[in-house]
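# Summary of structural features
Okay, here's what each chain looks like letter by letter:
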Amino acid sequence: MSNGSSPVLEVKNLKTHFFTRTGVVQAVDDVSFSMYEGESLAIVGESGCGKTITALSLMKLIPHPGKIIQGEIHLHSDTGDVDLVKQSDRQMADIRGNKIGMIFQEPMTSLNPVLTIGYQLMEPLKLHLQMTDEQARKQAIELLRRVGIPAAAERLNDYPHQFSGGMRQRVMIAMAIACSPLILIADEPTTALDVTIQAQILELIRKMNQDLGVGVMLITHDLGVVAELCQRVIVMYAGQIIEEAPIEEIFNNPKHHYTIGLLRSMPKLGPHVKERLVPMKGLPPDLLNPPKGCRFQPRCPARQAKCAETPPLMPMGPRHRAACWFPEEHGA
Amino acid sequence: MSTNGTADGTLLAVKNLKKHFKIGGGLFKNRAGQVLKAVDGVTFDIKRGETFGLVGESGCGKTTLGQTIVRLYEPTSGQIIFDGTDISELREEKLRPLRRGMQMIFQDPGSSLDPRMTVGDIIGEPLDVFRVGSKDEQKQRIEELLRIVGLNAYFVNRYPHEFSGGQRQRIGIARSLALNPKLIVCDEAVSALDVSIQAQVLNLLNDLQEQFGLTYLFVAHNLAVVAHVSDRIGVMYLGKMVELGSTPQIYDHPLHPYTKALLSAIPIPQVGVKKKVERIILTGDVPSPINPPSGCPFHPRCPIATQRCSVDPPLFEQKESGHWAACHYAS
């Protein structure tokens, strides 16, 4: 899907830095990528790699003291092309929930506990689509039904605490797709859920992607979830994109030594009892003071002198790029 | 207090263990008298030097079971035979010396390490509590423990907040090793860690087991991690053990429909590899353990349940050598 169609989102040289008392944290540092219509794209990486801040930058919801200090975020929709970086708060309010929907890890903290589910679902419909109460109510029931909530009409009057974790995440998805957005950003949508409930939610997100054509941007640390859901993968490390490829390429022919390390450290399900894992040595760098050149070089098994220079994202094959001077030859 | 021999190499035997919590009362008078059956009749044993994995979803009672075994909770009924002694009813003063033999590692090392104690004090606390060795000997032991878990000995005077999550978990492990325990209960010990750090800690646990002949009860929700570290696995659902077997038995030939669904629900980080089993997506949520379903607790979500399952609770039976399951239709 992603090769023929046009991009809905183009991020160019995005830098989001946090101005803390101890110094400047380069949380997102010169990140460029595109997302195509209806595609499912994963952004993966470990804690602190900048994946969530990248997503929050797209929504312009960066927490204090973070700021976008450079870059462009172009959103192409039927109403034209806008650079989100240049939009005012007022203009962003029209885009959030309308053009871009977002769901978070912990649905309880993103739902308002003192308002009914119905109220919270109808609000964006009335606001963005100028529906009347009656229309919004009908649409809200339809949305709940679509995300698989039984007895939708009665449950409109319930409060978030009356729903289970999996059901709350379904409500969040219903809210996020209420205005038929171009992109659904899902930030660790199943991390807080049990594995049998996770399977239900992943199935639902896949259905929304395929049936409604919503582009899905999945932010996660779990490569298993990525393999289930996504067509293309962006791997981030220490605030930068280090590899970008279609899903088969990432798993079967990874080029960057960090991606390889990540794949090797995962316990594989299967009867390999007590087989030794191959962990990466060391820890991710402190983004107050990242290493010069390639940020992965202090932990990299293939490091050479040239790695003191920052490697750009270089083509490694069709639609496959990696930021490494000495990429793996035959995959891992 | 019965004292059994331990010639068969069993370190821990748990027999029909129950832990029920009375809830309600006070502000919640309308719920007074209700009972939450967190652990409801669990039987299994762990051999010396073995890793026994305990899996299940939130609320299945796996953590309560682990904590009842080390007597952080009073068992409601049943027996816990540790190293030949029934400890289920032992009083504090008799229990204390046995406690040295069993330790715990918790999920979140951020909250299980006292932020106002130095690393040396944290690791040395068990030595202090049991008055092991002189001050000098203790200091040496602390430095030795730090080296064993792969940390620098000069970290003794630092505080927990100065360490990363993986390093803090190593501190927790060093503390658990201080008294040379026989059994360590690892409760979601690597769940909070990033995958590259998780691999380091799993390898460390493995090395320590070989080096010191440790026995682990490894409690976790992640079946891939549990299958990786365990010799045998027990699967829990709503306070009961529904299946128990060797890791290859559970993985290659699961008997209980819940285990099958759990295995099939795990996202596999591979593409182009055909899944071993058809994905079974269970409907609905885990029911409340306050008012569990009648008959087999899994029947409302079970794809193969029949009328019989809603009335007749299945027995936990041995279906093949060393492979137990609680299901009328286990196959």
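A short tour of the structure in this document, coming up. Just so you know, these numbers come straight off a predicted model, no measurement behind them. (Residues numbered from 1 in each chain as written. Chains lettered and ligands numbered in written order. Predicted model: local features only at pLDDT ≥ 70, side-chain atom pairs only at ≥ 80, totals over all residues.)

### Here's the deal with the overall build of chain B
Assigned secondary structure in chain B consists of 11 helices and 12 strands. The C-alpha radius of gyration computed for chain B amounts to 21 Å, which stays within 12% of the reference 20 Å derived for 331 residues, consistent with globular compactness. Structurally, chain B occupies a C-alpha span of about 70 × 55 × 50 Å along its principal axes. For chain B, the proportion of its 331 residues judged to be buried stands at 45%. Once local pairs closer than 6 in sequence are excluded, the contacts in chain B between residues at least 24 apart make up 64%. (Helix = DSSP H or I, 4+ residues; strand = E, 2+ residues; numbered from the N terminus. Rg over C-alpha atoms; globule rule 2.2 N^0.38 Å. Buried ≥ 20, exposed ≤ 12 C-beta atoms within 10 Å, placed from the backbone. Contact = placed C-beta atoms within 7 Å.)

### Examining the overall build of chain A
Across its full length, chain A carries 11 helices and 12 strands. The globule rule puts the C-alpha radius of gyration for 332 residues at 20 Å, and the 21 Å found for chain A is close to it. Counting the 332 residues in chain A, one finds 48% classified as buried. A separation threshold of at least 6 residues defines the contact pool for chain A, and within that pool the share at least 24 residues apart is 66%.

### Points about unusual backbone geometry
All names here are of chain A. P65 follows H64 through a cis peptide bond whose omega is 0 degrees. Position of P65 among the secondary structure elements: in the loop between α1 (51–59) and β4 (66–77). Even without being a glycine, K60 presents a positive backbone phi close to 55 degrees. Mapping K60 onto the fold places it in the loop between α1 and β4. Of note in the backbone geometry, S180 takes a positive phi value of approximately 45 degrees without being a glycine. When you line up the elements, S180 lands in the loop between α7 (165–177) and β7 (183–187). Overall, S180 belongs to the partly exposed group, with 13 C-beta atoms counted inside 10 Å.

### Remarks on helix α8 (residues 195–212) of chain A
Between the first and last C-alpha of α8(A) there are 25 Å, a value that for 18 residues agrees with the 26 Å anticipated at 1.5 Å per step. Every buried residue of α8(A) is accounted for by A:V195, A:T196, A:I197, A:Q198, A:A199, A:Q200, A:I201, A:L202, A:I205, A:M208 and A:N209. Close packing links the buried residues of α8(A) with β3 (40–44), α7, β7, β8 (215–220) and α9 (223–229) of chain A together with α10 (257–265) of chain B. Phi for A:G213, located one or two positions after α8(A), is positive at around 70 degrees. (Expected span 1.5 Å × (residues − 1).)

### Describing the sheet that holds strand β6 (residues 100–103) of chain A
Pairing between sheet strands relies on hydrogen bonds along the backbone, with the strands arranged either parallel or antiparallel. Residues and elements named next belong to chain A. Taking strand neighbours across the sheet as the criterion, the eight strands line up as β6-β7-β8-β3-β9-β10-β12-β11 in an open arrangement whose pairing is mixed. Of all strands in the sheet, those bounded by a partner on one side alone are β6 and β11 (314–317). Each strand of the sheet is rotated relative to its neighbour by a mean of 20 degrees, with strand direction disregarded. The sheet contacts of α7 involve β6 and β7, and relative to β6 the element is tilted by about 170 degrees. (Pairing = 2+ DSSP bridges. Axes fitted to C-alpha atoms, helices over the stretch in contact; angles between N-to-C directions.)

### A word on the pairing of β6(A)
Put simply, side chains in a regular strand alternate between the two faces of the sheet. All names here are of chain A. Judged by which residues are buried, β6 turns out to be covered on both faces: I100 and M102 on one side and G101 and I103 on the other are all buried. With four bridges joining them, β6 and β7 adopt parallel strand pairing. For G101, the partnering residue across the bridge sits in β7 and is L184.

Honestly, that's just the spatial picture; any functional story needs more than this.
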